4 protein chains.
Amino acid sequence: MKQETVEQIFRAAVEIFAESGFERAKMDDIAQRAQVAKGTIYYHFKGKEELFVALMNSGMEKFTDVVRRATEAHQDPADQLRGLLRAKVTYLYHHGTFAKLLLSEVWGSKERQQAFRARIRDLVELIEGVLRRGGDSRFTSSRDRLHETAVAIFGAISVTVLQEIFRAEDRELLEGDRIEVMLDTLEPLICGALRD
Amino acid sequence: MKQETVEQIFRAAVEIFAESGFERAKMDDIAQRAQVAKGTIYYHFKGKEELFVALMNSGMEKFTDVVRRATEAHQDPADQLRGLLRAKVTYLYHHGTFAKLLLSEVWGSKERQQAFRARIRDLVELIEGVLRRGGDSRFTSSRDRLHETAVAIFGAISVTVLQEIFRAEDRELLEGDRIEVMLDTLEPLICGALRD
Amino acid sequence: MKQETVEQIFRAAVEIFAESGFERAKMDDIAQRAQVAKGTIYYHFKGKEELFVALMNSGMEKFTDVVRRATEAHQDPADQLRGLLRAKVTYLYHHGTFAKLLLSEVWGSKERQQAFRARIRDLVELIEGVLRRGGDSRFTSSRDRLHETAVAIFGAISVTVLQEIFRAEDRELLEGDRIEVMLDTLEPLICGALRD
Amino acid sequence: MKQETVEQIFRAAVEIFAESGFERAKMDDIAQRAQVAKGTIYYHFKGKEELFVALMNSGMEKFTDVVRRATEAHQDPADQLRGLLRAKVTYLYHHGTFAKLLLSEVWGSKERQQAFRARIRDLVELIEGVLRRGGDSRFTSSRDRLHETAVAIFGAISVTVLQEIFRAEDRELLEGDRIEVMLDTLEPLICGALRD
DNA sequence: CATGAATGAGCGTTCATTCAT
DNA sequence: AATGAATGAACGCTCATTCAT
């Protein structure tokens, strides 16, 4: 049970999937980049779909963990929201390959969608929780609107970061302080959600 | 030239592309649903990619027009933003097939991305324009942040609506008043961007 | 609807299937021998299995027809049985490729078996009918034993001819009068079934 | 050397080969059913083909022994033939897995065929011997026809039993007295070969 | 304008076999 | 004697595209 091989495959797979998307990604390319034979992938994963789902589940788990920790590091709901925001933006910006897959593939096939719903719901509920603890805001009144607000915030952050990533790729540079610009942009929008 | 044939192909193509995504969509299926022979598609379009791009350009154009008109119907920037918001949410919710393609395929392959950049920039700039005319807000200070804010708003709206569409599909019903819920949710967030 | 192409594929397929058996037969080889592209086969047949079943159904139909006509050419049951015997032996010996498939593949996979049962039952019932009309023989007493007798006759003929075919292949010659030897051998055995 | 392991592999192999046929049988499945690692099979056998041939040789040997003993238990040729018949039918019916392989795989690939020829010839010659000792029958005149008659008898028995086995599987029951029905059916046919 | 039979490069997957432990 | 992770050649099937009619 060489954990190393699976790790190699995982690393190669994220890259290839992110570069080409699920459909265009070739198992041959993943094998080559992982420096294993094609059969080796199939020894560890049932198929392309399973590899992808395993990948995304693992990715979403790590991602959600980071964001959750950043949120729980604070007491004040406003600080929690800011912590969550910074963590999410930073993580996505630094894991561009993952960020691309998140937005482009999750909405793809019905089956894959189902697999991610639960994972994404975790994240959205994290946001929802912070909003709820925000207390006397007008959003507290309706559970539905709280959820919707969380979804909107999720969308605003994800799309903003992805846009930045493509911008960086076009200009072939990844400026660290773009993160601060994004935070400055998103904070007022999102923290409005806590205002009464 | 029979405009009718092209129209049939267009209609079939939106459906098929939206159901399966660009890669999984089969020209055979499009031809069958359009009730034309496969060769006929190739008589009118150079290939799959061109068909898709033509489709999305046409879709984005209509979409942007609707949103633009809704925006220009008002004078006050705050009203403009609200009009834009309502128009965008309503249009996307009622054109679910188009909404799915917008989020799932735009981030896909490099080439397709390029084709959409310009179209999406139009929309984002529409938002940007409203924000700029919002005047004395602190977002006016930086052109970059204005653009980023517009992108974030674009993301918040798109993801929220898409989420609602999937929710509706799961429950197999499309409630009209969900639009009002979304608007109630998004308005405070987005109009916060105009507040000083 | 070029009937010719399908005909070419059919001809090539019988040969390849008979040479290598169902599993070892390669679609590439069939395509090559049929002088069509591989895709062409899949344009006309859903897959390997369907091609094979179509092939065998068609083969069994022709075969059964020939045997049936030879049987019905006579009035006397004994003559009918002799006619049937001669027709079956002759046909199988001259269609060695088909004969091989008949014995080696029919017992193969459960699915394929099902597909052939009906066809083989037709043949066996043909034999059964002749035996029944044989009249006062002791086999008439039991329907079951009539059926079993027919099956045994079917087996005796098939295995004998197949054995001769392999013998001929080993010696690389196909002697016409081997058919007479087989007939002389099988007739006493089989016509015993009509004796009282 | 642990004889036990080889025995386990053997038992598993007969089952798997009979269930799926040589080509479709997977070494993985054999290993799993034998409860050994895949490598273990290759430690004891050179490969799939060798395992199969070893299996069938062993099976044919047991089978031929049983039939030979049943034949030699009698003095009168007619009794010998009846004993042989009963032994063969009973053995095959009770070893259905082996019976299936006998008919479906022997005619398969050229190589496997060669391996079985000798073994099957033994059986056929056993029958031939009895027929020859049958004495003054008209079949004695020609060595060739004696051999052919033996082959035909071999075929009649094998196909009849196999047919019964499939019938039993369809109805999911294995009636003991079906053996008597088969014997009653085959005896008149076959013993006709001894009649003058 | 329109057709649909034909194409073939390309890809996911399988599985007998090997070998270091 | 036994293991099981790793291999890679092989194969069935797909589908965008072409072209003669």
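Residues numbered from 1 in each chain as written. Chains lettered and ligands numbered in written order. Predicted model: local features only at pLDDT ≥ 70, side-chain atom pairs only at ≥ 80, totals over all residues. Heavy atoms only, no water.

By the naming in an unreviewed UniProt entry, chain A is HTH tetR-type domain-containing protein, taken from Marinithermofilum abyssi.

1. Considerations on the protein's contact with DNA strand F
As a reminder of what qualifies: One heavy atom within 4 Å of a molecule or strand makes the whole residue count as near it. What qualifies as a polar contact is a pair of N or O atoms within 3.5 Å, subject to a donor-acceptor requirement within protein and to the restriction that residues adjacent in sequence count only when both atoms come from side chains. Strands are runs of DSSP state E lasting at least 2 residues, helices are runs of H or I lasting at least 4, and numbering of each runs from the N terminus. Under the scheme applied, nonpolar residues are Ala, Val, Leu, Ile, Met, Phe, Trp, Tyr, Cys and Pro; charged residues are Asp, Glu, Lys and Arg; polar residues are all the others, including Gly.
The environment of DNA strand F is made up of 34 residues, and the closest members are T40, Y43 and H44 of chain A, K38 of chain C together with T40 of chain D. Take the atoms of DNA strand F that sit within 4 Å of the protein: sugar and phosphate atoms are 68% of them. A distance of 3.1 Å is found between a phosphate oxygen of DNA strand F and a backbone nitrogen or oxygen belonging to A37 of chain D. Within the residue set of the surface near DNA strand F, elements represented by two or more residues are α3 (38-44) of chain A, α3 (38-44) of chain B, α3 (38-44) of chain C together with α3 (38-44) of chain D. Residue composition of the surface near DNA strand F, by class: 14 nonpolar, 10 polar and 10 charged.

2. Section: the packing of aromatic side chains
Let me state the cut-off plainly: Between rings of Phe, Tyr and Trp, where Trp is taken as its six-membered ring, a pair exists when centres lie within 6.5 Å; planes separated by under 30 degrees are stacked, by over 60 edge-to-face, and by other angles tilted. A ring is considered to have a charge above it if a Lys NZ or an Arg CZ atom is located within 6 Å of its centre and within 35 degrees of its normal.
On inspection of all chains with the given rule, the structure shows 28 aromatic pairs over all chains. Connected via pairs of aromatic rings, a cluster forms that spans F17, F22 and F52 of chain A. Seen from the ring of F22 of chain B, K48 of chain B lies directly overhead, with NZ or CZ sitting 4.8 Å from the centre.

3. Section: the interface of chain C and chain D
Under the convention used in this document: The contact rule is simple, with two residues in contact once any of their heavy atoms fall within 4.5 Å. The term buried area means the drop in 1.4 Å probe accessible area that two parts suffer when joined, counted for both and summed. Salt bridge, as used here, is a side-chain nitrogen of Lys or Arg placed within 4 Å of a carboxyl oxygen of Asp or Glu.
On the chain D side, the residues contacting the 42 residues of chain C number 41 residues. When the two sides are added together, the surface that chain C and chain D hide from each other amounts to roughly 3,800 Å², 59% of it contributed by carbon and sulfur. For the chain C face of the interface with chain D, the top three residues by lost area are W107, E148 and L189 of chain C, together amounting to 18%. Where chain C touches chain D, the interface holds 6 salt bridges. Seen at the junction of chain C and chain D, the total is 4 residue pairs in polar contact (both at pLDDT 80 or more). Contributions of two or more residues to the side of chain C that touches chain D are made by α1 (3-24), α6 (96-105), α7 (110-133), α8 (143-171) and α9 (178-191) of chain C. Considering every element that reaches the side of chain C that touches chain D, the biggest residue donor is α8 of chain C, with 20 residues. Partitioning the side of chain C that touches chain D into residue classes produces 18 nonpolar, 8 polar and 16 charged.

4. A look at the relation of the copies chain A and chain B
Stated precisely, the cut-off is as follows: Copy-to-copy superposition: least squares on the C-alpha atoms, limited to residues that have pLDDT of at least 70 in both copies.
Overlaying chain A with chain B gives an RMSD of 0.2 Å, the required rotation being 180 degrees about an axis along which the chain moves by 0.0 Å. With respect to symmetry, the two chain copies, as superposed, fit the operation of a two-fold axis. When the interface residues of chain A are mapped onto chain B, 98% of them again lie at the interface, so the same face is used by both copies.

5. Some points on the packing of helix α5 (residues 77-94) of chain D against helix α7 (residues 110-133) of chain D
Residue and element names in this part refer to chain D. In plain terms, the rule: For helices, the fitted line uses only the C-alpha atoms of the stretch in contact; every axis is such a line through C-alpha atoms, and the angle between N-to-C directions lies from 0 to 180 degrees. Roughly parallel covers angles under 35 degrees, roughly antiparallel covers those over 145, roughly perpendicular covers 65 to 115, and oblique covers all other angles. The hand of a helix crossing depends on one turn: near helix anticlockwise from the far one by less than a right angle means left-handed, and clockwise means right-handed.
Remark: α5 packs on α7, axes separated minimally by 8 Å, with the N-to-C direction vectors making an angle of 155 degrees. When the axis of α5 is compared with that of α7, the two are roughly antiparallel. Of the two elements, α5 crosses α7, and the hand of that crossing is left-handed. Listed contacts from α7 to P77, Q80, L81 and L84 of α5 are L126, I127, V130, L131 and R133.

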